[in-house]
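As a plain string of letters, each chain reads:
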Amino acid sequence: DWPEDATAAEAASGAPVLGPLGLLRVVEPSLGLGAPEASRATRLAAWRAKLEAAGPERFWDGSIKQDPLATAETLLAWRDGLVEAGWQPTNTSGFQRLRDMAAAEVAGPTLPAGYADRLAAAAAELSSVELATPIAHLRLLDARDHLPPGVARLVAALEAQGTKVAALAEPVSPALGDLGAVQDALRLGAGAQLTGDGSFALLPAETETAAAEVLADWLAAYGAKSRIAIIADRPTAALDAAVARRGLPALGVSRASAQRGVLLLLPLALATRWKPFEAVRMLQLLQAPHSPLPREIRRALANALLAAPGREGPDWTAALTEGKAAFAARLATEEAATPVRKAEPRFARAMARVAALVEAPLEDPEAGMPVETLRALCGLLAVWAAEQGRGEDPLFTSLAAAARTLAEAAQASGRTHLPRGELERLVAVALENGVPDPGVAEEAAPWFLLRDPAGLWDYVDTVVWWGLAQPSLPSRLPWSRAETLALAGVGVALPEPATALAALSAGW
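In this text the structure is predicted, and so the values were computed from the model without any measurement.

What counts, and where the lines are drawn
Residues numbered from 1 in each chain as written. Predicted model: local features only at pLDDT ≥ 70, side-chain atom pairs only at ≥ 80, totals over all residues. Heavy atoms only, no water. Helix = DSSP H or I, 4+ residues; strand = E, 2+ residues; numbered from the N terminus. Buried < 20%, exposed > 50% of the residue type's maximum accessible area, 1.4 Å probe, protein only. Areas by Shrake-Rupley, 256 points an atom, 1.4 Å probe, with all protein chains shown as cover. Lys, Arg positive; Asp, Glu negative; His and termini not counted. Charge placed at Lys NZ, Arg CZ, Asp CG, Glu CD. Axes fitted to C-alpha atoms, helices over the stretch in contact; angles between N-to-C directions. Parallel < 35°, antiparallel > 145°, perpendicular 65-115°, else oblique. Left-handed = near helix turned anticlockwise from the far one by under 90°. Contact = heavy atoms within 4.5 Å. Nonpolar A, V, L, I, M, F, W, Y, C, P; charged D, E, K, R; others polar. Pairing = 2+ DSSP bridges. Core = buried A, V, L, I, M, F, W, Y, C linked by side-chain atoms within 4.5 Å.

Participant: Is there a simple way to think about the overall build of the chain in this case?
Facilitator: From N to C terminus, the chain includes 21 helices and seven strands. Looking at the 508 residues of the chain, the share that counts as buried comes to 39%. Summing over all exposed atoms, the chain offers an accessible surface of approximately 26,200 Å²; the carbon and sulfur share of this is 56%. Across the chain, 46 positive and 59 negative side-chain charges occur, with their mean positions spaced 5 Å apart.

Written as structure tokens, this is what we have:
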């Protein structure tokens, strides 16, 4: 957000600007709450197990037979929406879908807490005990009726404990002309008659590069002369290149991706473990720029695969023996030169990875990989990635985190084996956050950079919106009108799509 503090005077006495998650993180410690939030992959695997534990003759039976994890993913989103709106499995109604969701909620082990559960727990704890409020004053940047239901309940619970809640007046620019007409159109939903007075300009371009050149010229001329906010909710590679040619600082916005460097090692390491053996996948693992396998073994096995694309044949076995011997010789030489680099434990750790990645028996994709085998492999990869990254490389750190997440999700599934299709879906979920381009970073600049227009809540001289496009619109509720009314009757107020649209419009 900008500004990052309420006012220059108040910042010193503790007046931070927080989003919903930031507010929750302030409230939880004062209530003795705040356990780490479970990963989405872990919660998805656990929820799938609860759907199975709920038994047959449920409304999801047909879907879960076709695609268990996709069905579980959809129903988990439905469940979290209900919980954020105040739902409890005991205060449901006679509708079958709601009864089935309640049955899944109470079946099997407790679902690991997500964001909606944390909001509900904090609001419930505030409402159940008398305590000093952790927040003396709370000013809402958004209209109160635009708050998501879970956040609104948390704010109400804080207010009941003594927090003074006030709404910050919506900034109304005194702009006239075209800019005022566009603001009125957004605020009132009316059309805008523009005259071309220069206060509002939309710059279309045939290519992103052309738009970047024009904007870079404008920033070079005016960027340091006024207070400018740049809204950039898309990658700025083209704009960064253009401003760099003019000696200006980069914006450094890149899209997070799971297809970066060593992150690909996790799906690749698992792809080599299935029947029938995929020589191409193994060759990709052996030739990866960073690999958990020693280079001597990788080189020998890659040559063997090119000669005979299979494993466990005489060429493969001889190459493996040759590679291990060469690796052991290198470690002995390194230990002789640097005694602290002990060869024996390094060799043992590497051989454990070799055993898991290239020597272990292949698994049947239908029967699935044993969960304990999967967890052991993920543990080896996580330890290796942590050693390689040393806490400094975001790619290795993310790989270690994803491997640990996958191991936790496999454990939470409650199953002994995971079929290939389900396992690959869990891998995709574990890696879904990805990593932004580590070679791109925002540089100190005279302007302010925001990712979302709603984050700009004070006056600036000029707003530049890079890559203006229609935002993602709120989806329809999955519940029928009758179900929604029944839920409202027991205190579960689901957000209306119109309210979400109004909040989005206010942010614009």
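Participant: Just to check I follow, could you spell out the packing of helix 2 (residues 20-30) against helix 7 (residues 115-128) for this structure?
Facilitator: Between two packed helices, what matters for the description is the angle formed by their axes and the separation of those axes. The interhelical angle for the contact between helix 2 and helix 7, taken along N-to-C directions, is 45°, at an axis separation of 11 Å. In terms of orientation, helix 2 lies oblique with respect to helix 7. Relative to helix 7, the crossing made by helix 2 is left-handed. Counted together, P20, L21, L24, R25, V27 and E28 of helix 2 and Y115, R118, L119, A122 and L126 of helix 7 form the full contact between these two elements. Its residues assigned to classes, the contact of helix 2 with helix 7 shows eight nonpolar, no polar and three charged.

Participant: Even after reading the chapter, I still don't get the sheet that holds strand 3 (residues 228-232), so can you show me in this structure?
Facilitator: Paired through backbone hydrogen bonds, the strands of a sheet run either parallel or antiparallel to each other. Within the open sheet, the three strands sit side by side as 6-3-7. Their pairing is parallel. Every other strand in the sheet has two partners, leaving strand 6 (448-450) and strand 7 (462-466) as the edge strands with one partner each. Strand-to-strand twist across the sheet, computed as the mean angle between neighbouring axes with direction ignored, equals 20°. Note that strand 3 and strand 7 share five bridges and pair parallel. Bridge assignment links I231 to a residue of strand 7, and that residue is W465. Contacts from helix 10 (residues 208-222) reach strand 3 and strand 7, with the element oriented near 160° to strand 7.

Participant: Looking at this structure, how should I read the side chain of T484?
Facilitator: Along the chain, the position of T484 falls in helix 20 (residues 481-489). Take T484: its relative accessible area is 11%, and that puts it in the buried class. Apart from residues no more than four positions distant in its own chain, T484 is found in contact with W479 and L494.

Participant: Before we go on, may I ask you to explain the nonpolar core in this structure?
Facilitator: Buried together is how nonpolar side chains tend to be arranged in soluble globular proteins. Counting 90 residues, the largest nonpolar core has W47, V358, L374, L406 and L423 as the members making the most contacts within it. The leading source of residues in this core is helix 18 (residues 394-412), at ten residues. Leaving out residues up to four positions away in the same chain, L406 has contacts with L266, L270, L374, C378, L423, L426, V427 and A430. If you look at the next biggest cluster of nonpolar residues, it comprises 18 residues, including V27, I135, V155 and A157.

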